[in-house]
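Analysis of the macromolecular model
Listed below are the residues making up each chain.
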Amino acid sequence: VSKDPTFCGMPLKYVSLVTLAVQNASLSIVMHYSRVSTPPHLSYSPASAVLLGEIIKGTISFLIALWKAQDADRPLSSRRSFCSIIYALAPWSAPFRQVCSEIFSTDCWKLSIPALLYVVQNSLQFVAIGNLPVASFQVAYQMKILTTAAFSVLLLRRKLSSTKWLSLFFLAIGVGIVQVQTSTSSTSPREIRVGSAHDAAPLHVHIMSPLKGFGAVTAACFTSGLAGVYFEMVLKNSKADLWVRNVQLSLFSLLPAIAPILYAPRYYTSDGLISFMFRNFGGWAWATVVIQVIGGLITAVVIKYSDNILKGFATSISIILSFLSSVVLFDFHVTLSFVIGASTVLAATAMYNQPPLKEPHIAMSSGCI
Ligand code: C5P
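Before going into details, it helps to say that this report is about the structure given with it. Source: prediction; values computed, not measured. (Residues numbered from 1 in each chain as written. Predicted model: local features only at pLDDT ≥ 70, side-chain atom pairs only at ≥ 80, totals over all residues. Heavy atoms only, no water.)

**Some points on the site of the ligand**
Near the ligand the following residues occur: Lys57, Tyr118, Gln121, Asn122, Lys144, Ser224, Phe231, Asn246, Leu249, Gly296, Thr299 and Lys311. In the environment of the ligand, a nitrogen atom lies 2.8 Å from a nitrogen or oxygen atom belonging to the side chain of Asn246. Considered on its own, the ligand offers 470 Å² of accessible surface; in the complex 92% of this is hidden by protein. For the shell around the ligand, the element with the highest residue contribution is helix α5 (residues 112-131), accounting for 3 residues. (Near = heavy atom within 4 Å. Polar contact = N/O pair within 3.5 Å; in protein donor to acceptor, adjacent residues only side chain to side chain. Areas by Shrake-Rupley, 256 points an atom, 1.4 Å probe, with all protein chains shown as cover. Helix = DSSP H or I, 4+ residues; strand = E, 2+ residues; numbered from the N terminus.)

**Examining the packing of aromatic side chains**
Scanning the model with the defined rule gives 10 aromatic pairs in all. Seen in terms of ring centroids, Phe62 and Phe96 are 5.4 Å apart; in terms of plane orientation they differ by 85°. Their pairing is edge-to-face. Of the two residues, Phe62 is situated in helix α2 (residues 46-72) and Phe96 in helix α4 (residues 94-103); the sequence distance between them amounts to 34 residues. An identical accessibility class is assigned to Phe62 and Phe96; each is buried. (Phe/Tyr/Trp six-rings, centres within 6.5 Å; stacked < 30°, edge-to-face > 60°. Buried < 20%, exposed > 50% of the residue type's maximum accessible area, 1.4 Å probe, protein only.)

**Thoughts on the packing of α5 against helix α10 (residues 242-262)**
Packed helix pairs are characterised by how far apart their axes lie and by the angle those axes make with each other. Look at α5 against α10: their axes get within 8 Å of each other, and the N-to-C directions meet at 50°. The angle between α5 and α10 falls in the class oblique. Considering how the two elements wind past one another, α5 and α10 form a crossing that is right-handed. Along its contact with α5, which presents Ser112, Pro114, Ala115, Leu116, Tyr118 and Val119, the element α10 presents Leu249, Phe252, Ser253, Pro256 and Ala257. The residue inventory of the contact of α5 with α10, partitioned by class, reads 9 nonpolar, 2 polar and no charged. (Axes fitted to C-alpha atoms, helices over the stretch in contact; angles between N-to-C directions. Parallel < 35°, antiparallel > 145°, perpendicular 65-115°, else oblique. Left-handed = near helix turned anticlockwise from the far one by under 90°. Contact = heavy atoms within 4.5 Å. Nonpolar A, V, L, I, M, F, W, Y, C, P; charged D, E, K, R; others polar.)

**What about a nonpolar patch on the surface?**
Taken together, the side chains of Val18, Val22, Phe313, Ile317 and Leu321 present a nonpolar region at the surface, about 380 Å² in accessible area. Of all the secondary structure elements, the ones that give two or more residues to the nonpolar patch are α1 (12-36) and α13 (308-329). Among the elements that take part in the nonpolar patch, α13 stands out by supplying 3 residues, more than any other. (Patch = residues over 30% accessible without salt bridge, like charges linked within 9 Å, V, L, I, M, F, W, Y side chains within 5 Å. Salt bridge = Lys/Arg side-chain N within 4 Å of Asp/Glu carboxyl O.)

Functional significance is not addressed by these values, which are geometric in nature.
What follows is the structure, encoded as structure tokens:
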């Protein structure tokens, strides 16, 4: 029986839960700020952020896969020494060749589907977060529990208890309340003021379109559900290492991630591709990329070492964190219907994540539902 892995003496499960909650909340706040704090002509390209995220995530996953592979063919005494890690980076080393052969295995094409879906999802997130208040985005994004459950039933033939179906029904109602409230609180696109008269930067008004935001978040929930379930199917039906799968995911993401950059209108600039990619790419854009990369890596760890219960709770905790911080940071106005909708979503998530009393064994290798 393998012992639960630990991180600094604490169970990795709980470390990943807390980190995922904080990551979820901070991503939506930082991403929102990075989109609304500058006028459109000075904002960075979300496509570049998605591409950079995939490159960094893939590189880190590759290094982890190498780190793990070098252990396999070495005696205990020489494992994970600095020299052995440097050695593993050499293309002729056994670990390097082993990881590469696993990455380019015959079944690697299977990752192309979730890779495409995740690129679409990550891009839609930018549209959603730029057009919705952070708290409303977080609540609406909980709909991915519903889509994941639906795809699990459809593709994995998983059975859900009546309590879970009921909680999904409440989840939809809760999201519906927040959605209707946010969309109808202003008939025209909303304006938010960024900066103050005392700031060095001039006051800038950002126009948000809640309908566009909800459209994007709904589509992102579908891709999240489908990609999650598909990734779970691929993981379960093979013995390949999770980090190798992550590298495959990132490699297949490169094409769909670079396509929008290559086809972006660049007529008004004589910049080369690289300088076009990094135009207006300031600290907030980099922070968004880094937090997204951390999220991808933690999601992989959660999928491997925990279960759906932890992932569900992590996202519900992040609703509260985002909600509290948007009241403080973005002057978010709390309405009664928002509180009712958000509480319904939280209660539904908690209900969905109740440990089954006498449910048949649901073996999960992925933290999807
Ligand atoms: O919200 P959801 O859990 O669907 O988000 C998954 C996020 O984690 C996406 O941004 C996706 O790119 C990332 N991910 C990853 N590696 C995996 C699974 C997901 O980077 N193996």
